[in-house]
Amino acid sequence: MATVQQENPLTEGLERTPVHPTTLIIFGATGDLAQRKLLPAVYNLAHEGALPERFNMIGIARTEQPDDDYRAFAREAIQKYSRRQPDETVLSSLLERMRYVPGSFDDSAAYEGLESIANELDEEADVAFNRIFYLATAPGFFETIAEALGQRGLDRREGAEVRLVVEKPFGHDLASAQQLNRALLSVFEERQIYRIDHYLGKETVQNMLVLRFGNGIFEPLWNRSYIDNVQITAAEDIGIGTRAEYYDRSGALRDIVQNHLLQLLTILSMEPPVSFSADEVRNEKVKVLHAIKPPTLEEVPERVVRAQYAAGVAEGKDVPGYLEEQGVAPGSSTETYVALRLGIDNWRWAGVPIYMRAGKRLSRRVTEIAVTLKPVPHLAFHESGSLGVQPNQLILNVQPNEGVSLSLVAKIPGARMRVRPVNMEFAYGTSFMSQSPEAYERLILDTMRGDATLFARDDEVEAAWGIVDPILEAWQNADGELPQYAAGSPGPAEADQILLAGAEWRPL
Amino acid sequence: MTVEVWAAENTTPADIDSALRKLLEEQHVRGEGLAPARVVNMVAVVDAAWRGEILNRLERVGRYHPSRTVLCAVEEGRTTLDASARLSADGTGDPTLISVVEERVDIRMGPSHLKRLDAIVDPLILPDLTTVVWAPHGHHEAVEAMHGLADVVLLDSSDDPNPGRAIGWVCRQHDHAYVVDLAWLRGTPWRERIAATFDPEAWRPALRQISKVVVRHRPDSAVSGVLMLGWLASRLGWVPGSLVEEGGRHHGRAKAGKLEVSLQLDPVPDLGAPGLGGITVETADGMTVSLDRAQGGLAAHRRTRDGQQSSWVVLGASRGEAGILGEGIRQALLRDPTYGPAVRCAGKMLS
């Protein structure tokens, strides 16, 4: 029998626990991110009954338009990008709760309008709604918006929570990230700030924690005594598309490695946390980042390779090289490919090379982590006719075929003792028969629940930039042309230069 | 969608098993991107005349379908087993993605086979996977025969028009396997919303002040109503008394410490889908909260003790009966610790 004290005994056993009434305020509400990801994610949460029982959304952007026009925009975005066909009754009810504030992000009148509508919604419902400010804008506006919210007193609220969600990129180097943290923390407390890295919202990434800490088989092997090397790959087969303006200022190192790949690495290599509370998990992740020794300026050439894609063939069609893409600065030295070798200087990982690579216009789209175990000391079965005997590899596939596979060596049927590698596969699709929800659905819901486990903390972001910064500095001072690789190829041959003796990249 | 089919008359479980293995091997040789699903075995026992309808229901459950289905169609007078096996893949056409293969075995059998159904289907279910038995047309002897083999009994306690008998059957199954009850799953959004209503700290003390609960239900879904009352009683520590039926309505009382809670089930004739139509919770100090079916979700209405009223819609799409069945299959892999206590309380109310 449950006792009725200050607990709510009715929540026991429910998959969806209650969430406090919330008003979600999206800055940049007409932008690409809102259109493709945020609005469809909010709709899907509504469809599944996962939104708080009382929910409002306010969009804010520069376009002058009334509420109804914004609702029409939101409807079109949801119909176009939602992962499921929208239910008209739910969609209409959701759109009714959407309001719109036109205005520039540095215009105090916009914040006055925003506050007025938010207060009106509270009064109508007689509820102090939690407020979530989602910054889906260009990064140049993050400080401006936070400061303006503070000046208006919108950073705190009696009887309710106020949270700030910040999209990537969080800074463009260590100094700018520190400056942004200082600016945000001068208005909001760290517990109110949710820095998005949408990779952390992916089921397979969260499953890495379960795989490591829920299965006794791996932990005894998860150290320098048994692991030979780790390779983390984020390969895309597409080019830069319409993102030239952003990408040309960013490049693969900032766009993928500093955030997504280092996040994957921390989850792969962190010590078991005491609990899965936000700070316990993030404490362990930060320890890993602190244990990674950034390359010195002199070490960068031997540990990091960058390259740019040249014209080539993708999906059977001729495609231009990076420098011919629309919007790319002439003679740009922005890297579309980066490969690097890192090490984690702690008892568990000392001496284990960590290889990372990320690139665009590669031969295949795949994000995976390959953990290669050390070879057996002596292979008595290695007869002539055995095929490609390799050390065991545990492959964590993040996308597109979400799952885990373990390569083993098995005997080839027949009279002789010949062996070849085989795979044990776990695929999400075959074991759960379900589509993973979009990462943004999970992350938006977590911000409403106030669970920051899957968001980066200030020290985490700065520690990650601290690893990447010397590389950026070395590149800034470097002369010469970037190596090229043909679009549609596995990447530049120069990537092999950073591998230690005996290592090779996994084929894409 | 790739389909591979094998069929035989007057066959045996061993032959069916052998045919399935062969189909899987052949398909594996032909397509490297094909992977057999390994989620849940479902043994469905149906009247042969309604086999197509059940297959349609299973087709419509969407992504939560079983990975291996053994469909046992029962024909009066039949003494032999005829069977077919098929594999189908959900191929997207994208060669870089894995296509998931599902397996289905259809067996035509007679009523005499049901008492030893376990012996027939045992070779056909994949070991180490959860096995669900579902008999939507009765066939209780088949479900009982499966007690040693099935981990989960999937049922719909609303199928029996007599709520007392329905809950009694559920309780007996509960002793042998985990029960997933579609009538319970229809009530999930209602339970979530009632829990959410009382979740703000300021409102939690009101849980101790509940004085009256009225549950509105489709006339054939009284069981869903009793389960809702059973859930409230079990979670809030009420001691339920018996419900009395008068003119199609049930009413009764429960003890909540020193308070008495009035319980009422009201049938609502015009409801389209089975399950609940609404719920109203009143507290001793005059607060009332109501939820009712509405377009786009549930219409919520609240009256505070000082008479202030507010209304809103809690968003959520109807899952439809196909969605409920899909949810039932998904729930076979989870465990809800609140169902058993709720059923026991419901049983006390109907005793």
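Residues numbered from 1 in each chain as written. Chains lettered and ligands numbered in written order. Predicted model: local features only at pLDDT ≥ 70, side-chain atom pairs only at ≥ 80, totals over all residues. Heavy atoms only, no water.

Caption draft 1: Region of the structure containing the overall build of chain A. In terms of helices and strands, chain A carries 13 helices and 17 strands. For a compact globule of 508 residues, the expected C-alpha radius of gyration is about 23 Å, and chain A comes in at 25 Å, within 12% of that figure. Within chain A, the fraction of its 508 residues that count as buried is 55%. Within chain A, residue pairs in contact and separated by at least 24 positions form 77% of the contacts whose partners lie at least 6 positions apart. About 21,600 Å² of surface is accessible on chain A, with carbon and sulfur atoms providing 49% of the total. In chain A, which carries 50 positive and 73 negative side-chain charges, the distance between the mean positions of the two groups comes to 6 Å. (Helix = DSSP H or I, 4+ residues; strand = E, 2+ residues; numbered from the N terminus. Rg over C-alpha atoms; globule rule 2.2 N^0.38 Å. Buried < 20%, exposed > 50% of the residue type's maximum accessible area, 1.4 Å probe, protein only. Contact = heavy atoms within 4.5 Å. Areas by Shrake-Rupley, 256 points an atom, 1.4 Å probe, with all protein chains shown as cover. Lys, Arg positive; Asp, Glu negative; His and termini not counted. Charge placed at Lys NZ, Arg CZ, Asp CG, Glu CD.)

Caption draft 2: The arrangement of the pattern of salt bridges in detail. All names here are of chain B. Taken as a whole, this structure holds 54 salt bridges over all chains when the rule is applied. With a closest N to O distance of 2.8 Å, Arg-68 and Glu-103 form a salt bridge. In this pair, Arg-68 sits in strand β4 (residues 68-74) while Glu-103 sits in strand β6 (residues 99-109), placing the two residues 35 residues apart along the sequence. Taking relative accessible area as the criterion, Arg-68 reaches 4% and is therefore assigned buried. (Salt bridge = Lys/Arg side-chain N within 4 Å of Asp/Glu carboxyl O.)

Caption draft 3: Up close: the sheet that holds strand β4 (residues 130-135) of chain A. All names here are of chain A. Pairing within the open sheet is parallel, and its 6 strands lie in the order β3-β2-β1-β4-β5-β6. Of all the strands in the sheet, just β3 (98-102) and β6 (193-195) have a single pairing partner and so form its edges. The sheet shows a mean angle of 20 degrees between the axes of neighbouring strands, taken without regard to direction. When strand β2 (residues 55-61) meets β3, the two strands line up parallel, connected through 5 bridges. Paired with Gly-59 across the strands is Tyr-100, a residue of β3. Where helix α1 (residues 32-47) meets the sheet, its contacts fall on β1 (22-27), β2, β3 and β4, and the angle it forms with β1 comes to roughly 170 degrees. (Pairing = 2+ DSSP bridges. Axes fitted to C-alpha atoms, helices over the stretch in contact; angles between N-to-C directions.)

Caption draft 4: Region of interest: the sheet that holds strand β11 (residues 337-342) of chain A. Residues and elements named next belong to chain A. Within the open sheet, the 9 strands sit side by side as β16-β15-β14-β13-β7-β12-β11-β8-β17. Their pairing is mixed. At either margin of the open sheet sits one strand with a lone partner, and together these are β16 (419-427) and β17 (484-486). Direction aside, the axes of adjacent strands within the sheet are offset by 20 degrees on average. As defined by bridge partners, β11 adjoins strand β12 (residues 354-359) across 6 bridges and the pair is classed as antiparallel. The residue bridging Arg-341 from the neighbouring strand is Tyr-355, located in β12. The strands that helix α8 (residues 244-269) touches are β7 (227-235), β11, β12, β13 (366-373) and β14 (393-399); relative to β12, the one it contacts most, it runs at about 140 degrees.

Caption draft 5: Focus on the interface of chain A and chain B. The interface of chain A with chain B comprises 44 residues on the first partner and 53 residues on the second. Interface of chain A and chain B: buried area, both sides summed, is about 4,000 Å²; carbon and sulfur atoms make up 55% of it. Taken together, the connections running from chain A to chain B amount to 2 salt bridges. Residue Glu192(B) pairs with Arg16(A) through a salt bridge whose shortest N-O separation is 3.4 Å. Counting every contact that joins chain A to chain B gives 11 residue pairs in polar contact (both at pLDDT 80 or more). At the level of secondary structure, the elements contributing two or more residues to the side of chain A that touches chain B comprise α1, α3 (88-96) and α11 (428-432) of chain A. Taken together, the residues of the side of chain A that touches chain B break down into 19 nonpolar, 14 polar and 11 charged. (Buried area = accessible area lost by both parts, 1.4 Å probe. Polar contact = N/O pair within 3.5 Å; in protein donor to acceptor, adjacent residues only side chain to side chain. Nonpolar A, V, L, I, M, F, W, Y, C, P; charged D, E, K, R; others polar.)

Caption draft 6: Spatial organisation of the domain arrangement of chain B. Partitioning chain B into structural domains gives domain 1 (2-150) and domain 2 (186-319 + 337-350). Taking only C-alpha atoms into account, the centre of domain 1 of chain B sits 39 Å from that of domain 2 of chain B. (Domains from an automatic or database assignment.)

Caption draft 7: Geometry of the nonpolar core. Counting 153 residues, the largest nonpolar core has Phe27(A), Leu94(A), Tyr134(A), Leu149(A) and Leu262(A) as its most contacted members. What Leu262(A) contacts, discounting residues up to four positions off in sequence, is Val257(A), Leu289(A), Ile292(A), Leu342(A), Met356(A), Ala464(A), Ile467(A) and Val468(A). Counting 111 residues, the second largest nonpolar core, distinct from the first, contains Leu14(A), Ala44(B), Ile54(B) and Val132(B). (Core = buried A, V, L, I, M, F, W, Y, C linked by side-chain atoms within 4.5 Å.)

Caption draft 8: Focus on the packing of α8(A) against helix α13 (residues 458-476) of chain A. Residue and element names in this part refer to chain A. In the contact formed by α8 and α13, the axes pass within 10 Å of each other and the chain directions differ by 140 degrees. As summarised for this structure, α8 and α13 are arranged oblique, according to the angle between their axes. In this structure, the crossing between α8 and α13 has a hand that is right-handed. Where α8 abuts α13, its residues Leu-253, Arg-254, Gln-258, Leu-262 and Gln-263 lie against Glu-460, Val-461, Ala-464, Trp-465, Ile-467, Val-468, Ile-471, Leu-472 and Trp-475. Looking at the contact of α8 with α13 residue by residue, the classes come out as 10 nonpolar, 2 polar and 2 charged. (Parallel < 35°, antiparallel > 145°, perpendicular 65-115°, else oblique. Left-handed = near helix turned anticlockwise from the far one by under 90°.)

Caption draft 9: Local environment of the confidence of the model for chain A. When pLDDT is averaged along chain A, the result is 92, and 97% of the positions lie at 70 or above. The model gives residues 1-5 of chain A a pLDDT under 50, and that stretch makes 11 contacts with residues more than four places away or in other chains. (pLDDT = per-residue confidence, 0-100.)

Caption draft 10: The arrangement of the state of the cysteines in detail. All names here are of chain B. For the structure on display, the rule yields 0 disulfides over all chains. With no disulfide partner, Cys-171 has as its closest neighbouring cysteine sulfur the one in Cys-345, 11 Å distant. Residue classification places Cys-171 among the partly exposed positions, given a relative accessible area of 26%. (Disulfide = S-S within 2.5 Å.)

Caption draft 11: A look at the packing of aromatic side chains. This model, assessed by the stated rule, comprises 14 aromatic pairs over all chains. Three or more aromatic residues joined by ring pairs make a cluster, and in this case those are Phe27(A), Phe105(A), Tyr111(A), Phe133(A) and Phe141(A). One residue, Arg54(A), lies across the ring of Trp312(B), its end atom 3.7 Å from the ring centre. Sitting above the plane of the Tyr199(A) ring, Lys202(A) keeps its charged end 5.5 Å from the centroid. (Phe/Tyr/Trp six-rings, centres within 6.5 Å; stacked < 30°, edge-to-face > 60°. Lys NZ or Arg CZ within 6 Å of the ring centre and 35° of its normal.)

Caption draft 12: Region of the structure containing the confidence of the model for chain B. In the predicted model, chain B carries a mean pLDDT of 91, and 96% of its residues have values of at least 70. If you check the scores for this complex, the pTM reads 0.89 and the ipTM reads 0.90.

Caption draft 13: How the structure looks around unusual backbone geometry. Residues and elements named next belong to chain A. Cis geometry marks the peptide bond from Lys-168 to Pro-169, where omega comes out at 5 degrees. With respect to the secondary-structure elements, Pro-169 resides in the loop between β5 (162-166) and α6 (174-185). At the junction of Gln-399 and Pro-400, the peptide bond is cis and its omega measures out at 0 degrees in the coordinates. As for its position among the elements, Pro-400 is in the loop between β14 and β15 (403-411).

Caption draft 14: Highlighting the environment of His28(B). Residue and element names in this part refer to chain B. Relative to the helices and strands, His-28 is located in helix α1 (residues 13-30). By relative accessible area, which is 52% here, His-28 ends up exposed. Sequence separation between His-28 and Thr-131 is 103 residues; the distance between their C-alpha atoms is 24 Å.

Caption draft 15: Molecular detail of the pairing of strand β8 (residues 304-310) of chain A. Residue and element names in this part refer to chain A. Within β8, 7 of the 7 residues are buried, which leaves the element mostly enclosed by the surrounding structure. Burial along β8 is two-sided: Val-304, Arg-306, Gln-308 and Ala-310 facing one way and Val-305, Ala-307 and Tyr-309 facing the other are all buried. The sheet contact formed by β8 and β11 spans 4 bridges and is antiparallel. Bridge pairing in β11 places Arg-306 opposite Val-338. Bridge count between β8 and β17: 3 bridges; the pairing is parallel. Within the sheet, the bridge partner assigned to Ala-310 lies in β17 and is Ala-486.

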